[in-house]
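# Residue-level structure breakdown
Read off the chains here:
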Amino acid sequence: MTRRGAGGNHREREEGALVYPAYSRRSRGLSVGINLFPDRKVCPFDCPYCEVFPFKTEIRFSPESMKRALRQILVREAAAVRDICFSGNGEPTLSPWFPEALEAAARIRDELVPQADLVAITSGTGLLDQGIFSLLREAAGSPPALKLWLKLDAGTEGWYRKINRSKIPHRAILGKIREFAGEVPVIIQTMVCKVGGLPPPAEEAEAWETAVLGLALDNAGPEPRGLTGVQIYGKARPAPRDPLAEALDEPFLVSRAASLKKKLERSGRNIPVDIFP
Ligand code: SF4
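Residues numbered from 1 in each chain as written. Predicted model: local features only at pLDDT ≥ 70, side-chain atom pairs only at ≥ 80, totals over all residues. Heavy atoms only, no water.

### Quick look at unusual backbone geometry
The residue after Pro-143, namely Pro-144, is reached through a cis peptide bond having omega 15°. For Pro-144, the location among the structural elements is in the loop between helix 4 (130-141) and strand 5 (147-151). Of the consecutive residues Asp-242 and Pro-243, the connecting peptide bond is found in the cis state with omega at 10°. With respect to the helices, strands and loops of the structure, Pro-243 is situated in the loop between strand 8 (226-233) and strand 9 (245-246). (Helix = DSSP H or I, 4+ residues; strand = E, 2+ residues; numbered from the N terminus.)

In structure tokens, the structure reads:
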């Protein structure tokens, strides 16, 4: 994740660490990131491709600094902003500040850039907490129309242990993602890369397709809910665990996307599957 903060006075550095504009491939334009963990990484996953390098800083999250910085950036960049996105150094939904930050970001978005999406990029681990589950469901199902980009890197427990390296069982998260997608729209994000020199094996690709297809078919009704898109992305930037994770060739990603797309179409679901090599 992008972090800023070298130059400027303390307030500028603080605000730059909390809110940062960045060109985003997946947003296809300017995305204004909100980082709820400027001082340390907090995440129940330990993905080998994670781009958060070890760091030390005295900067702490503060809602007032976040709001001030968000306003400044949105006023400056208004016409170019595609989305405001909770991401940063870890799992945003697990921050105690998340509810307040979400409410503030939605209000400021409505006031300054009503055309912009409000997005949370999440591993889905927050869904295991009923309070966070309800908060996200409400935010996604009605104004502020929060868009959830949910990580689903694996279809099997074995690959999940390699690519996400979490103590939380895969089936627990997948079950919650299914429950959540049964109520509100979600976009699935999947990193496809080598781990330990090996690509995901064929049985993993098959299991992942089954899981994604399940999300699409569970929610084939007319309401705005269920799977609305799939983003397959590759390892494009350095990570502190390199070379444990390595990029795969673009044709590998293309073939994974094509295979899923074919199965979705055969099932009568015309859901976009995008690739970001
Ligand atoms: S989910 Fe993975 S990539 Fe994202 S912050 Fe956690 S460890 Fe890093």
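### Some words on the side chain of Lys-235
Inspection of the secondary structure puts Lys-235 in the loop between strand 8 and strand 9. Accessibility expressed as a relative area gives 14% for Lys-235, which makes it buried. A distance of 3.0 Å separates the side chain of Lys-235 from the backbone oxygen of Arg-237, its partner in a polar contact. Engagement of the side chain of Lys-235 in a polar contact is seen with the side chain of Asp-242, the distance being 3.0 Å. Those residues within four positions of Lys-235 in sequence are excluded, and the remaining contacts are Tyr-49, Met-191, Val-192, Cys-193, Asp-242, Ala-245, Glu-246 and Ala-247. (Buried < 20%, exposed > 50% of the residue type's maximum accessible area, 1.4 Å probe, protein only. Polar contact = N/O pair within 3.5 Å; in protein donor to acceptor, adjacent residues only side chain to side chain. Contact = heavy atoms within 4.5 Å.)

### Description of the pairing of strand 6 (residues 185-191)
Judged by how many residues are buried, strand 6 sits mostly within the fold: six of seven residues are covered. With three bridges connecting them, strand 5 and strand 6 associate as parallel partners. Residue pairing in the sheet places Lys-151 in a bridge with Gln-189 of strand 6. Pairing analysis gives seven bridges linking strand 6 to strand 8, with the strands arranged parallel. By the bridge assignment for strand 8, Met-191 is matched with Tyr-233. (Pairing = 2+ DSSP bridges.)

### Focus on the packing of aromatic side chains
Enumeration according to the criterion identifies four aromatic pairs in this entry. Taken together, a centroid distance of 5.4 Å and an interplanar angle of 80° make the contact between Phe-86 and Phe-98 edge-to-face. With Phe-86 in strand 3 (residues 81-87) and Phe-98 in helix 3 (residues 98-112), this pair connects stretches of sequence that are twelve residues apart. Each member of the pair, Phe-86 as well as Phe-98, is classed as buried. Taking the ring centre of Tyr-233 as reference, the NZ or CZ of Arg-26 above it sits at 4.3 Å. (Phe/Tyr/Trp six-rings, centres within 6.5 Å; stacked < 30°, edge-to-face > 60°. Lys NZ or Arg CZ within 6 Å of the ring centre and 35° of its normal.)

### Points about the site of the ligand
Taken together, Lys-41, Cys-43, Phe-45, Asp-46, Cys-47, Tyr-49, Cys-50, Gly-90 and Lys-151 make up the full set of residues adjacent to the ligand. Counted by class, the shell around the ligand contains five nonpolar, one polar and three charged residues. (Near = heavy atom within 4 Å. Nonpolar A, V, L, I, M, F, W, Y, C, P; charged D, E, K, R; others polar.)

### Here's the deal with the sheet that holds strand 5
What links the strands of a sheet is backbone hydrogen bonding, and the strands pair in either a parallel or an antiparallel sense. Reading across the sheet, the eight strands line up as 1-2-3-4-5-6-8-10 and stay open at both edges, with mixed pairing between neighbours. Where the open sheet ends on each side, the last strands, each with one partner, are strand 1 (19-24) and strand 10 (273-276). Strand-to-strand twist of the sheet, defined as the mean angle between neighbouring strand axes without regard to direction, takes the value 25°. Of the strand pairs in this sheet, strand 3 and strand 4 (residues 117-122) are connected by four bridges, and their pairing is parallel. The partner of Asp-83 across the bridge, within strand 4, is Asp-117. Across the face of the sheet, helix 6 (residues 170-181) comes into contact with strand 5, strand 6 and strand 8 while running at roughly 155° to strand 5. (Axes fitted to C-alpha atoms, helices over the stretch in contact; angles between N-to-C directions.)

### Looking at the pairing of strand 4
For strand 4, the tally of buried residues reaches five of six residues, placing the bulk of the element in the interior. Note on the crossover from strand 3 through helix 3 to strand 4: the handedness is right-handed. As paired strands, strand 4 and strand 5 are joined by four bridges and run parallel to one another. Bridge pairing links Val-119 to Lys-147 in strand 5. Between the parallel elements strand 4 and strand 5, the chain passes through helix 4 in a crossover that is right-handed. (Right-handed = clockwise from strand over helix to strand, strands pointing away.)

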